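A closer look at the structure
Residue-level listing of the chains:
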Amino acid sequence: LALYRPDTFEKLVYKEALKRLVNKKGYPSSILGYEYDPTYYVRGLHVDKNRGNILKLDRHKYVKVAYHGFEKLSKEERMELYSNARHEFTEPDFQCLDTLFSLPEAYLFSQMIAVKDSGEELQDKSFFEIWRDVRHSVDACHWSHEHLKKEVAKDPAQYIVRDPHLFESLRHLKRSGRKLFLLTNSFWEYTNVVMNYLWGNPPGVIDSQWQDIFDVIIAGSCKPGFFVNNRLQLYRVQNPQENRAALDIVDGLPDLSAKELLQEGKIFQGGNWENLHKMLEISSGSEILYVGDHMYSDVIRSKRDLGWRTMMVIPELLHEIDRMESPLAQREFKAIRELYFQRACKEDDINELSVKLADMEERGQDDEEGATQEDYRDALELVSEQLFETKTELRERIKSYHEMFHPIWGQLFKTGLQNSIFAQHVEKYACLYTSHASNFRFVSPSCSFRCMADLLPHDGLRRTVANPNARDRASTEP
């Protein structure tokens, strides 16, 4: 529900992590002057912790773009590192940048790689150790987030994008008879500040009006643990409007009905999915549509482990669609499709010429129409040169097309013209995806969403002749 501003919130996290690296990890104080570029990295990339590389993978887990720090690796370097052995690109050696909060740590990691490679500092640390230090420093900013919370609470508008249609959309769902719940990892005090801002209250004004929209509110949920550990303790938030609300353990959960559980209040902290299912009075995870923006902690775990229906919020989607629909991008994409067709035609020509030439050489004779073997060799050489030129132009066109989306990493959902691994995860785990949760207001709450037809390559083939067996049978009929 709350989308953070990358140029302010991520920069705040970045600066705090820098301080922790210097004060807690012994990094050189000179890095305190470093600055953060929120536009440099995108989601869906992978960190190679052992080599200090940032990678973009396609859906088949082939590395298509790779940087060491801020230095781009050549195709030959990529092939040598990642094509000779099969990698799964999972922990403990790799880390996926699957959330917008992970982008500052990737940028800081690249900066520290550059420091180490300069040969002046951090020579006693491996790339893996540098990643561990950076990750711990960034995580500490979020988990012991007293400073972050105070900064955001002072001026939420500086750090959070307020969607004016958010509560309009939630009311739209509420009026239809659906139950709404809020599930967040943020502790209650911070959640209350942020939700009051999203509700429209000015900084410092805290009330409970926004809470009427939700049937259940769970803060401090410790996702993804919430989805997998049914022994996590549930606490009730007492006096939720106070600056420091008290927490009481909820006892006797197995014996309480949903009505009994909620009659003393609907605001909780901690707990697990079984508690939520009981409060919502549901028996199957498929009765829930869960909206989140974190691929792993929100979408994958809830879908894979609980069978929840999922909707992923992808704010970058607006930028992607805007670029795709631009006249320049459409012209470029049309040219790329034409070049693909030309390449396929030339490959067919080469195959036909090669087969014919091999047959002539085997028979020791020229073509029946008078063309010599040398004529075929010349033709084969000419078409091969044309194919090389077509492939070169195609690579340049695809590169130019991707740079319209991002100058370094290209289109978020693609590598070349194939789906990226980020797109594959969206397709596999998100039942729906959209740029903002408030887009619910554009559809009826009773709308049934249906997926597009699944097609394999052969499904697109069109038969140009009838089945010969059927024709033969028809010809024998009297």
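Before going into details, it helps to say that this report is about the structure given with it.

Calculation criteria
Residues numbered from 1 in each chain as written. Predicted model: local features only at pLDDT ≥ 70, side-chain atom pairs only at ≥ 80, totals over all residues. Heavy atoms only, no water. Pairing = 2+ DSSP bridges. Helix = DSSP H or I, 4+ residues; strand = E, 2+ residues; numbered from the N terminus. Axes fitted to C-alpha atoms, helices over the stretch in contact; angles between N-to-C directions. Buried < 20%, exposed > 50% of the residue type's maximum accessible area, 1.4 Å probe, protein only. Contact = heavy atoms within 4.5 Å.

As for the sheet that holds strand β13 (residues 289–292)
Read across the open sheet, the three strands follow the order β13-β14-β17; overall the sheet is parallel. This sheet does not close on itself; its edge strands, each paired only once, are β13 and β17 (432–434). When strand polarity is set aside, the average angle formed by the axes of neighbouring strands in this sheet is 20°. Note that β13 and strand β14 (residues 309–313) share four bridges and pair parallel. Residue Val291 lies in a different strand from β14, and its bridge partner there is Met311.

Structural notes on the pairing of strand β3 (residues 53–57)
The side chains of a regular strand alternate between the sheet's two faces. Summarising burial for β3: five of the five residues are buried, a large majority. Neither face of β3 is open: one carries Asn53, Leu55 and Leu57, the other Ile54 and Lys56, and all of them are buried. In this sheet, β3 lies alongside strand β2 (residues 46–48) in antiparallel orientation, the contact comprising three bridges. Each bridged residue has a counterpart across the sheet, and for His46 the counterpart in β3 is Leu55. Between β2 and β3, which pair antiparallel in sequence order, lie four residues; one of them, Gly52, sits at a positive phi of approximately 75°.

Some words on the sheet that holds strand β6 (residues 94–96)
Within the open sheet, the five strands sit side by side as β5-β4-β3-β2-β6. Their pairing is antiparallel. One side of each edge strand has no neighbouring strand; the edge strands of this open sheet are β5 (71–72) and β6. Taken together, the three bridges between β2 and β6 define a ladder with antiparallel strand orientation. Paired with His46 across the two strands is Cys96, which belongs to β6. In this fold helix α2 (residues 75–82) packs onto β2, β3, β4 (63–68), β5 and β6, with an angle of close to 100° to the strand it touches most, β4.

Regarding unusual backbone geometry
A cis amide bond links Glu91 to the next residue, Pro92, at an omega of 10°. Counting through the fold element by element, Pro92 comes out in the loop between α2 and β6. Although it is not a glycine, Phe89 adopts a positive phi angle of roughly 60°. With respect to the helices and strands, the residue Phe89 is situated in the loop between α2 and β6. Within the chain, Asn239 stands out as a residue other than glycine whose phi angle is a positive 50°. As for its position among the elements, Asn239 is in the loop between β10 (234–238) and β11 (246–249).

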